[in-house]
Amino acid sequence: MKVFDNTTKKIFLASWVSINQPETSDDRGTQLGRSVSKSYWNILQPLKQRVDCIQVRDRQLAHRLCQLIPSQCPFERDVKLFGKTLFHIPPMCKLNPLYEEVVGLRFRALCYLADECGEDVSQYC
């Protein structure tokens, strides 16, 4: 079974499904704020597309990507003192506007190593 083919079809389909809700008078006032922030994020759209278009076809590239891109957010921490948790630092990776694309690239590299090369990828999990 090819994990990459099966998963990407589901992710691709889910990314295009949206629920359209009727517009109310309250939404019209906030719609301007949404359009401004939406146009701001469109500046990064070419970079997002370029990262999405990277095809992993080389074993060394796949290994390098899996080593460079962490499987979990490295900034999430529990600050403890004498065994008691003082506070929790939440993961900041989701604030990165390219987070989804980079995680997808790592996933494609893992799938290439597992499906095409037949390697054990448990060392990267």
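The rules behind the values
- Every chain is numbered independently, its residues counted from 1 as its sequence is written.
- Local features in a predicted model are, by the rule used here, given only for residues with pLDDT of at least 70; side-chain atom pairs are given and counted only at 80 or more, and totals for whole chains, interfaces and linings are based on all residues.
- Side-chain measures here rest on the full set of heavy atoms in the structure, leaving out hydrogens and waters.
- Here a patch means residues that are over 30% exposed by relative accessible area and free of salt bridges, tied together within 9 Å if like-charged and within 5 Å if nonpolar (Val, Leu, Ile, Met, Phe, Trp, Tyr).
- Per-residue and other accessible areas were derived by the Shrake-Rupley procedure at a 1.4 Å probe size, with only the shown protein chains allowed to occlude residues.
- We define a salt bridge as a side-chain nitrogen of Lys or Arg found within 4 Å of a carboxyl oxygen belonging to Asp or Glu.
- For the purposes of this entry, the term helix denotes a DSSP run of H or I that reaches at least four residues, the term strand denotes a run of E that reaches at least two, and both are numbered from the N terminus.
- Definition of nonpolar core: a set of buried residues of the types Ala, Val, Leu, Ile, Met, Phe, Trp, Tyr and Cys, connected through side-chain atoms within 4.5 Å.
- The cut-offs for exposure are 20% and 50% of the maximum accessible area for each residue type, with area from a 1.4 Å probe on protein chains only; residues under the lower value are buried, those over the upper are exposed, and the others partly exposed.
- Working rule for contacts: check all heavy atoms of both residues, and any pair within 4.5 Å makes them a contact.
- Arc definition: directions from the helix axis to the C-beta atoms.
- To obtain each axis, a line is fitted to C-alpha atoms, and for helices this fit is confined to the stretch in contact; angles are then taken between N-to-C directions over 0 to 180 degrees.
- In what follows, roughly perpendicular refers to angles from 65 to 115 degrees, roughly parallel to angles under 35, roughly antiparallel to angles over 145, and oblique to any angle outside these ranges.
- Whether a crossing is left-handed or right-handed is set by the direction in which the near helix is turned from the far one by less than a right angle, anticlockwise for left-handed and clockwise for right-handed.
- Any residue that is not Ala, Val, Leu, Ile, Met, Phe, Trp, Tyr, Cys, Pro, Asp, Glu, Lys or Arg is counted as polar, Gly included; the first ten are nonpolar and the last four charged.
- Criterion used throughout: strands pair if DSSP finds at least two bridges between them.
- Charge assignment: positive for Lys and Arg, negative for Asp and Glu; neither His nor the chain ends contribute.

Novice: Describe in detail a nonpolar patch on the surface, supporting the description with residues and values.
Specialist: Together, Leu 81, Phe 82, Leu 86 and Phe 87 make up a nonpolar patch on the protein surface, roughly 500 Å² of accessible area in all. On the secondary structure map, Phe 82 appears in the loop between β1 (77-81) and β2 (84-89).

Novice: Give a description of the nonpolar core that names residues and reports values.
Specialist: Counting residues in hydrophobic clusters, the biggest one holds 14 residues, and the most contacted among them are Val 56 and Leu 113. Per-element accounting of this core gives the leading share, 5 residues, to helix α5 (residues 99-116). When residues no more than four places from it in sequence are discounted, the contact partners of Val 56 are Ala 62, Leu 65, Leu 105, Arg 108, Ala 109 and Tyr 112.

Novice: Give me helix α4 (residues 59-68): which residues, what numbers.
Specialist: Taken together, the buried positions of α4 are Ala 62, His 63, Leu 65 and Cys 66. With its buried residues spanning 160° around the axis, α4 presents them on a single face. Facing away from the buried side of α4 by more than 90 degrees, the exposed set consists of Gln 60, Gln 67 and Leu 68. Considering only its buried residues, α4 is in contact with α5.

Novice: I'd love a proper account of the packing of α4 against α5, names of residues and values included.
Specialist: Taken N-terminus to C-terminus, the directions of α4 and α5 make an angle of 130°; their axes are 9 Å apart at the nearest point. The angle between the axes of α4 and α5 places the two elements in the oblique class. Seen from above, α4 lies across α5 with left-handed handedness. Residues Arg 59, Ala 62, His 63, Leu 65 and Cys 66 of α4 pack against Leu 105, Arg 106, Ala 109, Leu 110, Tyr 112 and Leu 113 of α5. In terms of residue class, the contact of α4 with α5 is built from 8 nonpolar, 1 polar and 2 charged.

Novice: I'd love a proper account of the pairing of β2, names of residues and values included.
Specialist: Looking at chain direction, β1 and β2 are connected through 5 bridges and run antiparallel. Across the sheet, residue Leu 81 finds its bridge partner in β2, namely Lys 84. Count of turn residues in the β1/β2 antiparallel hairpin: 2 residues, of which Phe 82 carries a positive phi of about 55°.

Novice: So what about the side chain of Glu 101? Which residues, and what values?
Specialist: Mapped onto the elements, Glu 101 comes out in helix α5. With no salt bridge to any partner, buried Glu 101 finds its closest opposite charge in Lys 48, at an N-O distance of 4.6 Å. Residue contacts for Glu 101: discarding those within four places in its chain leaves Lys 48, Val 51 and Asp 52.

Novice: A description of the environment of Asp 52 should follow, citing residues and the corresponding values.
Specialist: Structurally, Asp 52 can be placed in helix α3 (residues 45-52). Beyond its immediate chain neighbours, meaning those up to four positions away, Asp 52 contacts Glu 101 and Arg 108.

Novice: An account of the packing of α3 against α5 is needed here, citing residue identities and associated values.
Specialist: Closest axis-to-axis distance for the α3/α5 pair is 9 Å, and the angle between their directions is 5°. Comparing the axis directions of α3 and α5 gives the class roughly parallel. Residues Lys 48, Val 51 and Asp 52 of α3 form the contact with α5, whose own contacting residues are Glu 101, Val 102, Leu 105 and Arg 108. Along the lines of polarity and charge, the residues of the contact of α3 with α5 split into 3 nonpolar, no polar and 4 charged.

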